[in-house]
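Understanding the architecture of this molecule
The residues making up each chain are set out below.
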Amino acid sequence: MSIAKERRAIDAALDEYRRQLDVIPDELFDVTPPNGGWSFAEVYSHIMQATLGSSIALERCTHGNCEPTKKGINWEGRILLLLGKFPPVKTTVPNTVSDKMAASKISKEDAKNLIIKCRKRVETTMPLIATSSPANKYKHPRLGMLNAKQWFKFIRIHLQHHLKQLDRIKRNLA
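Predicted model only: the values in this text are computed from it and were never measured. (Residues numbered from 1 in each chain as written. Predicted model: local features only at pLDDT ≥ 70, side-chain atom pairs only at ≥ 80, totals over all residues. Heavy atoms only, no water.)

Attention now moves to the nonpolar core. Counting 43 residues, the largest nonpolar core has Tyr17, Phe29, Tyr44, Met48, Phe152 and Leu159 as its most contacted members. Of all elements in the fold, only helix 1 (3–23), helix 2 (40–63), helix 3 (75–83), helix 5 (108–129) and helix 6 (148–173) reach the threshold of two or more residues within this core. In this structure Phe29 touches Leu21, Ile24, Ser39, Phe40, Ala41, Tyr44, Ile106, Ser107, Lys108 and Ala111, once residues within four positions along its chain are discounted. (Core = buried A, V, L, I, M, F, W, Y, C linked by side-chain atoms within 4.5 Å. Buried < 20%, exposed > 50% of the residue type's maximum accessible area, 1.4 Å probe, protein only. Helix = DSSP H or I, 4+ residues; strand = E, 2+ residues; numbered from the N terminus. Contact = heavy atoms within 4.5 Å.)

Running from N to C, helix 2 and helix 5 cross one another at 20°; their axes reach a closest spacing of 9 Å. One way to sum up the angle between helix 2 and helix 5 is to call them roughly parallel. Crossing geometry of helix 2 relative to helix 5 is assigned as left-handed. Contact residues: Tyr44, Met48, Thr51, Leu52, Ser55, Ile56, Leu58, Glu59, Thr62 and His63 in helix 2; Ala111, Leu114, Ile115, Lys117, Cys118, Arg121, Thr125, Leu128 and Ile129 in helix 5. (Axes fitted to C-alpha atoms, helices over the stretch in contact; angles between N-to-C directions. Parallel < 35°, antiparallel > 145°, perpendicular 65-115°, else oblique. Left-handed = near helix turned anticlockwise from the far one by under 90°.)

Turning next to the side chain of His140. Within the element layout of this structure, His140 appears in strand 1 (residues 138–140). With a relative accessible area of 8%, His140 lands in the buried category. Only 3.0 Å separates the side chain of His140 from the backbone nitrogen of Leu143, close enough to count as a polar contact. (Polar contact = N/O pair within 3.5 Å; in protein donor to acceptor, adjacent residues only side chain to side chain.)

Function cannot be inferred from these measures alone, as they are strictly geometric.
See the structure below:
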């Protein structure tokens, strides 16, 4: 895995999230689609909180602030990282995540600020990955124990996945 390539893809995804904020009508940003699911605001809340949380886990791995372990990624995590995307089945946020970081209806301004925070976290943590020990792993709520490189790749996969969700919301509100 090329860390630089993942970084470019993360930056491109964050650029797209920012671009879409200018396109999504203000009056629809916090509207729940008629068939249910999250609003645009809730998607932005979830994805940016998850990106920040993942960057913290990544940083813990790079600084060795987690227990070295021989435990690793589970089968679901292996498939996700191998494919480089979520499988085409609908999944839900694990309760352990939604209890800690519930998606909320944030404002567009909050979303813009969260994107800036995520960019800054990616910028500061990326250089640490290359020298990180692969034995330093931190538990992902669904994928098992991930090391810094795996967390970085997960951030990219997760960001790209929720861009598709924004497209579904657009279609449902049209």
